Amino acid sequence: MSARRARHGRAWALAVGGGEAAGFDDWGLTPGKVAELTAELEDHLSCLEGDEGRMAGCEARARLAKPSVRRALAAPHVADQVYATLNRLPTRREWIELATLLCWFGLIVLSDLGLGKASDAYQSAWKQLMWGHGIDNGNALSASAGTWFTLGWLFQNVARAGFFATFFMALARAWHTGRGVWLARILQLKLIHTVLVVTATFAVGQQILWAEDNIPRNFMHWPVWLIAPVISGVLILTAAALWLMRRPRLAPIALFALLLGVFLYVGGPGLERCAEVEVPIVRKTVLLADGTKVMRAETDPQLIAKRIAEMNENRPKRINPEDAKRNRWRISSRETVWIPGVYSWDWPRAGWFPLRKMQQAKQFLYMPDTPDAIRQLTVVGPIAVAGGGLGWLAVPIPFLGLIGLCGMVLVMGRRGFGEALAYTTLAGVAIVSTVLPFFFSQEVSKVFNYTPMAMITTPFPGFENCLAGATFEDTWMLILGLICSAAVPWLLTGLFLRPPRVQLPSDESAIAQ
Amino acid sequence: MRDGGYLAGMLRVLILSELSRAEGYGYGIARALSERSRGDLRVRPESLYPVLHRMEQEGLITAHWEQSAAGRPRKLYGLTAKGRRRWERSRKAFIAQSRGALKAIGARLAPGEP
């Protein structure tokens, strides 16, 4: 804290009485405003003591020391609060909040890196098992990769929940200090956040770039399947209990528990089973002695050749002449349904093909009475994605930009038509620069991922795609625009909002003393 | 309307009324309002100063600093032309609304009071 700030802090404490509650905290006012208000209140309290006695003065001082009263006194100065907060050194509490956020941020990056390594190990093991050997049930893989993915799942979600709990609490404290402080803190956090996320994604993005195809999923029996719901249930109940206790100090813990419960549940034990099977390309229906119909592979070579020729464009893509001759088609597949509680394991009848391919492949797929699984792999481990941490860290950026800049327009755009127009134009450019990287080269339907998968990866896949593909000039321009837009509020406050002149009769520092 | 908004609106009229008589400082305005209302109105600093500062921002009142007799800096407020026009306009409306409100809730002023 600078000497100037310390003087104002002492002055304010002097005006409203001693004690911790009366100590200097962030009013979000310019030092000049603090000095002015302090001098005015000091005069008021001195007169009150002179007229009504020391007791009345003490009562008034105690009342003025209450946070709600202090907020009421600062309330008319929203624009001043914005200016002062954007153009001052952080308070002690803000430094602590920043340090805490950075710790969570570091843990998120580390967990992303760890999950990247786990993904690599999983991929190489999967390939080895699927294409290197014969039949294997994947137990060896489940022991090693599963452990890494479980640790990654825990650390990544703890870090994400911790980060967002700290983040929301910081904004909540700013809101209680003053609406202008809240607005300015949104803009500050947006700048810090943007720089950190962009830097981290560039630094480690290539190592952790996620892809849904690389996500291991679980295959578990029902007791294990219950792990995520139980953990999440306990956490959410804990959050509810803490919330009901209505103690402000417990609010961050309650929020942390709630977020952690949600994150852990969605990424909790799901399902994956990889298999390579052979199915007949051309089938025939056979009527059994008991009257039931079953599908069998066609054995007549001429009929097989004729049917395959008739398929034309509908032929399976990977079918080769040798397979056609044998009337066997080798397919490898993975389960894609993984959310706990909604999965219906129906293999080997329907459902073991990826659901998104089901419709296209329907006409070729047979339901053989005995599928020939030649290789299959089962992986045990929760669903966690390398890059999911940084992906989620990017989520607040567009929201902070929109709220902060629109709020600034509302607060500062009332000074006159010309200023309001200029300010709105600059703020509009900043808003567009902020949201553009999230939309760039994305299909409109894919800008926002509204599936449960978004909880594990990111709701805005376009942002990571944009940063990961930052090899083109247009992408670099987008990122530059994103960072510049985060600094625009400082430019705007410098241009459009200046601290009010304080007309104190004597030296300001003398009053403060 | 929330009570706070109603009270703040009333306080604005009272401040305009007080400053239409003469310049005044924060505590002086609060004390004068208390005396004129025979102690019924006690304006606390946390209510008074935000309203004063808002009115100053709106250009209804002007302020300057002086040295008090005790040597302390003191901020004196006075009406601007805009504030005076506002006072003339809102005085009649305030009286009519207050009378109407008192009638509506069945309250009666003491005999002899306007």
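Everything quoted here is computed from the prediction, not taken from an experiment.

(A) Up close: the overall build of chain A. The helix and strand inventory of chain A stands at 21 helices and five strands. Within chain A, the fraction of its 513 residues that count as buried is 50%. For chain A, contacts bridging at least 24 residues in sequence account for 80% of all contacts bridging at least 6. Surface summary for chain A: the accessible area is close to 25000 Å², and the carbon and sulfur share equals 63%.

(B) Structural context of the overall build of chain B. Looking only at helices and strands, chain B has four helices and three strands in total. Scanning chain B from its N terminus toward the C terminus, one meets helices and strands in the order α-β-α-α-β-β-α. In chain B, once contacts between residues fewer than 6 apart in sequence are set aside, the share between residues at least 24 apart is 48%. Carbon together with sulfur atoms contributes 51% to the accessible area of chain B, which is approximately 7000 Å² in total.

(C) Local environment of the pattern of salt bridges. In this structure the tally under the stated criterion is 14 salt bridges over all chains. Salt-bridge contacts for Arg63 of chain A lead to Glu46 of chain B; the nearest nitrogen and oxygen are separated by 2.9 Å. In this pair, Arg63 of chain A sits in helix H3 (residues 54-64) while Glu46 of chain B sits in helix H3 (residues 45-57), so the two residues belong to two different chains. Exposure class is identical for Arg63 of chain A and Glu46 of chain B. Each is buried. The salt bridge partner of Glu58 of chain B is Arg12 of chain B, with a shortest N-O separation of 2.5 Å. Here Glu58 of chain B, found in the loop between H3 and strand S2 (61-67), pairs with Arg12 of chain B, found in helix H1 (residues 3-21); they are 46 residues apart in sequence, far enough to count as distant. On the accessibility criterion, Glu58 of chain B (29% relative accessible area) is partly exposed. Residues participating in the shared-partner salt-bridge network are Glu94, Glu97, Arg173 and Arg185 of chain A.

(D) Structural view of the sheet that holds strand S1 (residues 24-25) of chain B. Residue and element names in this part refer to chain B. Spatially, the three strands line up as an open sheet ordered S1-S3-S2, and their pairing is antiparallel. Of all the strands in the sheet, just S1 and S2 have a single pairing partner and so form its edges. Pairing of S1 with strand S3 (residues 73-79), which is carried by two bridges, proceeds in the antiparallel orientation. Residue pairing for S3: Gly24 is matched across the bridge by Tyr77. Here H3 sits on the sheet and contacts S2 and S3; the angle it forms with S3, its principal contact strand, is near 55°.

(E) Quick peek at helix H2 (residues 26-36) of chain B. Residue and element names in this part refer to chain B. With eight of eleven residues buried, H2 is to be regarded as a mostly interior element. If you check which residues of H2 are buried, you get Gly26, Tyr27, Gly28, Ile29, Ala30, Ala32, Leu33 and Ser34. Looking one or two residues past H2, Arg38 carries a phi angle of roughly 55°, positive in sign.

(F) Structural detail: the interface of chain A and chain B. Across the boundary between the two partners, chain A contributes 23 residues, which contact 25 residues of chain B. Together, the buried faces of chain A and chain B total about 2200 Å²; carbon and sulfur atoms form 56% of this surface. In this structure, the connection of chain A to chain B is made through five salt bridges. Here Glu52 of chain A ties to Arg42 of chain B by a salt bridge, and the two come within 3.4 Å at their closest N and O atoms. Applying the counting rule to chain A against chain B returns nine residue pairs in polar contact (both at pLDDT 80 or more). Listed by contribution, the elements that provide at least two residues to the side of chain A that touches chain B are helix H2 (31-52), H3 and helix H4 (67-74) of chain A. For the side of chain A that touches chain B, the element with the highest residue contribution is H2 of chain A, accounting for twelve residues. Class assignment of the residues belonging to the side of chain A that touches chain B gives a composition of 13 nonpolar, four polar and six charged.

(G) Just the nonpolar core, in detail. Grouped together as the largest cluster of nonpolar side chains are 42 residues, with contacts concentrated most on Phe105, Phe163, Phe167, Val197, Leu390, Leu393 and Phe463 of chain A. Of all the secondary-structure elements, those providing two or more residues to this core are helix H6 (92-132), helix H7 (139-177), helix H8 (179-208), helix H10 (227-244), helix H11 (251-266), helix H15 (388-393), helix H16 (396-412) and helix H20 (473-496) of chain A. It is H7 of chain A that provides the largest number of residues to this core, a total of nine residues. Discounting chain neighbours no more than four positions away, the residues touching Val197 of chain A are Phe105, Leu390, Leu393, Ala394, Ile397 and Phe463 of chain A. Formed by 35 residues, the second largest nonpolar core is a distinct cluster that contains Leu41 of chain A together with Met10, Leu48 and Met55 of chain B.

(H) Region of the structure containing the packing of aromatic side chains. All names here are of chain A. Tallied over the entire structure, the rule returns nine aromatic pairs over all chains. Ring centres of Phe163 and Phe164 lie 5.5 Å apart, and the angle between their planes is 80°; on these two criteria the pair is classed as edge-to-face. There is no split in this pair, since Phe163 and Phe164 are both buried. Measuring from ring centre to ring centre gives 6.0 Å for Phe164 and Trp392, while their planes differ by 85°; the resulting arrangement is edge-to-face. Separated by 228 residues along the polypeptide, Phe164 in helix H7 and Trp392 in helix H15 bring together distant segments of the chain. An aromatic cluster is built from Phe163, Phe164, Phe167, Phe168, Phe263 and Trp392, whose rings are joined through pairwise contacts.

(I) Spotlight on the pairing of S2 of chain B. Residues and elements named next belong to chain B. With seven bridges connecting them, S2 and S3 associate as antiparallel partners. Within S3, the residue paired with Ile61 across the bridge is Leu79. Counted along the chain from S2 to the antiparallel partner S3, the turn is five residues long, and its residue Gly71 has a positive phi close to 90°.

(J) Summary view of the packing of H2 of chain B against H3 of chain B. Residues and elements named next belong to chain B. Axis separation between H2 and H3 bottoms out at 10 Å; the angle between their running directions is 120°. Where H2 crosses over H3, the two elements pack in a sense that is right-handed. Where H2 abuts H3, its residues Gly26, Tyr27, Ile29 and Ala30 lie against Leu48, Tyr49 and Leu52. Residue composition of the contact of H2 with H3, by class: six nonpolar, one polar and no charged.

(K) Seen up close, unusual backbone geometry. Residue and element names in this part refer to chain B. Of note, the phi angle at Arg38 is positive, near 55°, even though the residue is not glycine. With respect to the helices and strands, the residue Arg38 is situated in the loop between H2 and H3. For Arg38, a relative accessible area of 70% puts it in the exposed group.

(L) Representation of a nonpolar patch on the surface within the structure. A cluster of nonpolar residues, Trp148, Leu151, Leu154 and Phe155 of chain A, forms a patch on the protein surface that exposes about 400 Å² of accessible area. Mapped onto the fold, Leu151 of chain A is located in helix H7.

(M) Just the environment of Arg173 of chain A, in detail. Residues and elements named next belong to chain A. Relative to the elements of secondary structure, Arg173 occurs in helix H7. Among the residues examined, Arg173 registers a relative accessible area of 31% and is labelled partly exposed. Once the C-alpha coordinates of Arg173 and Arg93 are considered, the two residues, 80 residues apart in sequence, prove to be 9.8 Å apart. Within the local environment of Arg173, its side chain forms a polar contact with the side chain of Glu97, the two groups lying 2.8 Å apart.

Cut-offs applied
- Residues numbered from 1 in each chain as written.
- Chains lettered and ligands numbered in written order.
- Predicted model: local features only at pLDDT ≥ 70, side-chain atom pairs only at ≥ 80, totals over all residues.
- Heavy atoms only, no water.
- Helix = DSSP H or I, 4+ residues; strand = E, 2+ residues; numbered from the N terminus.
- Buried < 20%, exposed > 50% of the residue type's maximum accessible area, 1.4 Å probe, protein only.
- Contact = heavy atoms within 4.5 Å.
- Areas by Shrake-Rupley, 256 points an atom, 1.4 Å probe, with all protein chains shown as cover.
- Salt bridge = Lys/Arg side-chain N within 4 Å of Asp/Glu carboxyl O.
- Pairing = 2+ DSSP bridges.
- Axes fitted to C-alpha atoms, helices over the stretch in contact; angles between N-to-C directions.
- Buried area = accessible area lost by both parts, 1.4 Å probe.
- Polar contact = N/O pair within 3.5 Å; in protein donor to acceptor, adjacent residues only side chain to side chain.
- Nonpolar A, V, L, I, M, F, W, Y, C, P; charged D, E, K, R; others polar.
- Core = buried A, V, L, I, M, F, W, Y, C linked by side-chain atoms within 4.5 Å.
- Phe/Tyr/Trp six-rings, centres within 6.5 Å; stacked < 30°, edge-to-face > 60°.
- Left-handed = near helix turned anticlockwise from the far one by under 90°.
- Patch = residues over 30% accessible without salt bridge, like charges linked within 9 Å, V, L, I, M, F, W, Y side chains within 5 Å.

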